Amino acid sequence: MKLNRIILVFCSGLLLYACQNIDESTDLSQQKFEEEIVYRNLDLPAIDVKSLNENARLAPSKYKAKLYMAEYITAPESEEMGRTVIFDNKGSKKLSIDFSPFEKLYETPDMSYYVDEFRASSSVDVATATAAIDRAAQTWDEVTCSELGLTKIDAIPLPIGIIANILGFPSIDGAIADVEHLGFMPAEFFDFLAPGGSNFILGVTFTLIWIDDEGNPIDTNGDGKIDAAVREIYYNDNFPWADGATFDVETVALHEMGHGLSQAHFGTAFIKKNGTVQFSPRAVMNASYSGVQTEIGKTDNAGHCSIWANWPNK
Ligand SMILES: [Zn+2]
């Protein structure tokens, strides 16, 4: 009798396990990927973030800056998952970064963004790509919990980019907006981020932070977050871009703009039996592209509101 009961308990346990297993093997296999943070030492000197004024003149900024991190999103066909690369010589812990309302580039709490029209994609014309990026910016601006005061800075007919300049691509090494979409770059640009990166990285956001005279990060508004100086976004021209189909400019712009507005990657990736990647939950801030996605999800919205709901009072 006792043995029977044990067997019964054992069997129902097995059944439960089998059920879970069936669920997982039809939807998701056991292979699970969390976002990895990679630390890389880069001994860059402190950067002078010169701001471009309306007369296209460069003015010095109050503080110096340093490159803190790069966050990149990957194509779904690759075995690679998007990453956060931290270029920090202390290299042990990821810091929280956010803009400080009165210590931004132009010392106003209104958020500004820029869309390059100089480094065009080889597959989507400038007007179409620009409109797609503007729609993405609009989508974040329309989230009702926040007042970003988002304004667009008019494009100038020159390539801009501090990081592009550092990596040897001809650029004005200044900044023109808080969040800058700086165009489509050749493959080589992305090999800097990861070996063979040009074949799997769709886009990247670089975060520069303000530092003091000793080179330490600063937090001027005392919100416990390091102050962002500027965010530079670049797209990989090694991929065939499209408007409303894969690889959709608006989808990737929405993701990068999310980084531009201080959101990190979110969601766990599972590799399904057929080899495709599925995210749980699916979100704009997933580290890998998973088809056209032009509306922000619940978790994206929550992430955004946790950062911006009280702006500019922080
Ligand atoms: Zn990303």
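Since this is a predicted model, take the numbers as computed values, not measurements.

Caption draft 1: A look at the coordination of the zinc ion. Distances from the zinc ion to its protein donors, namely His 255 (NE2), His 259 (NE2) and His 265 (NE2), fall within the range 1.9 to 2.1 Å. Each donor residue of the zinc ion lies on one chain, and together they are spaced H-x3-H-x5-H. Here His 255, found in helix 5 (residues 249-260), pairs with His 265, found in the loop between helix 5 and strand 14 (268-271); they are ten residues apart in sequence, far enough to count as distant. Comparing His 255 with His 265 shows no difference in burial state: the two are buried.

Caption draft 2: Representation of the packing of helix 2 (residues 126-141) against helix 5. Packing of helix 2 against helix 5 brings their axes to within 8 Å, and their N-to-C directions diverge by 45°. Relative to helix 5, the element helix 2 lies oblique. Crossing angle aside, the handedness with which helix 2 passes helix 5 is right-handed. In this structure, helix 2 contributes Ala 129, Ala 132, Ile 133, Arg 135, Ala 136, Ala 137, Thr 139 and Trp 140 to the contact, and helix 5 contributes Val 249, Glu 250, Ala 253, Leu 254, Met 257 and Gly 258. Of the residues that constitute the contact of helix 2 with helix 5, the class distribution is ten nonpolar, two polar and two charged.

Caption draft 3: Broad picture of the pattern of salt bridges. Scanning the entire structure with this criterion turns up seven salt bridges. A salt bridge links Lys 50 to Asp 173; the nearest nitrogen and oxygen atoms lie 3.5 Å apart. Of this pair, Lys 50 sits in strand 3 (residues 50-52) while Asp 173 sits in the loop between helix 3 (162-166) and strand 10 (174-175), and the two are 123 residues apart along the sequence. Its relative accessible area of 28% is what places Asp 173 among the partly exposed residues.

Caption draft 4: Region of interest: the environment of Pro 281. Summarising the element assignment, Pro 281 is placed in the loop between strand 15 (277-280) and helix 6 (298-308). Taking C-alpha positions, Pro 281 is 8.9 Å from Gly 297, a pair spaced 16 residues apart along the chain. Excluding its chain neighbours within four sequence positions, the residues that come into contact with Pro 281 are Phe 266, Gly 267, Asn 286 and Thr 299.

Caption draft 5: Structural view of unusual backbone geometry. Note the cis peptide between Thr 246 and Phe 247, where omega equals -10°. Looking at where Phe 247 falls in the secondary structure, it is placed in the loop between strand 13 (226-236) and helix 5. Cis geometry marks the peptide bond from Trp 311 to Pro 312; its omega dihedral reads 0°. Along the chain, Pro 312 turns up in the segment after helix 6. With a phi angle near 55°, Glu 107 is a residue other than glycine that sits in the positive phi range. Looking at the secondary structure, you find Glu 107 in the loop between strand 7 (97-98) and strand 8 (112-115). In this structure, Ser 262 takes a positive phi of about 75° despite not being glycine. Examined against the element boundaries, Ser 262 turns out to sit in the loop between helix 5 and strand 14.

Conventions and cut-offs
- Residues numbered from 1 in each chain as written.
- Predicted model: local features only at pLDDT ≥ 70, side-chain atom pairs only at ≥ 80, totals over all residues.
- Heavy atoms only, no water.
- Donors = N, O, S within 2.8 Å, 3.2 Å for Na, K, Ca; no water.
- Helix = DSSP H or I, 4+ residues; strand = E, 2+ residues; numbered from the N terminus.
- Buried < 20%, exposed > 50% of the residue type's maximum accessible area, 1.4 Å probe, protein only.
- Axes fitted to C-alpha atoms, helices over the stretch in contact; angles between N-to-C directions.
- Parallel < 35°, antiparallel > 145°, perpendicular 65-115°, else oblique.
- Left-handed = near helix turned anticlockwise from the far one by under 90°.
- Contact = heavy atoms within 4.5 Å.
- Nonpolar A, V, L, I, M, F, W, Y, C, P; charged D, E, K, R; others polar.
- Salt bridge = Lys/Arg side-chain N within 4 Å of Asp/Glu carboxyl O.

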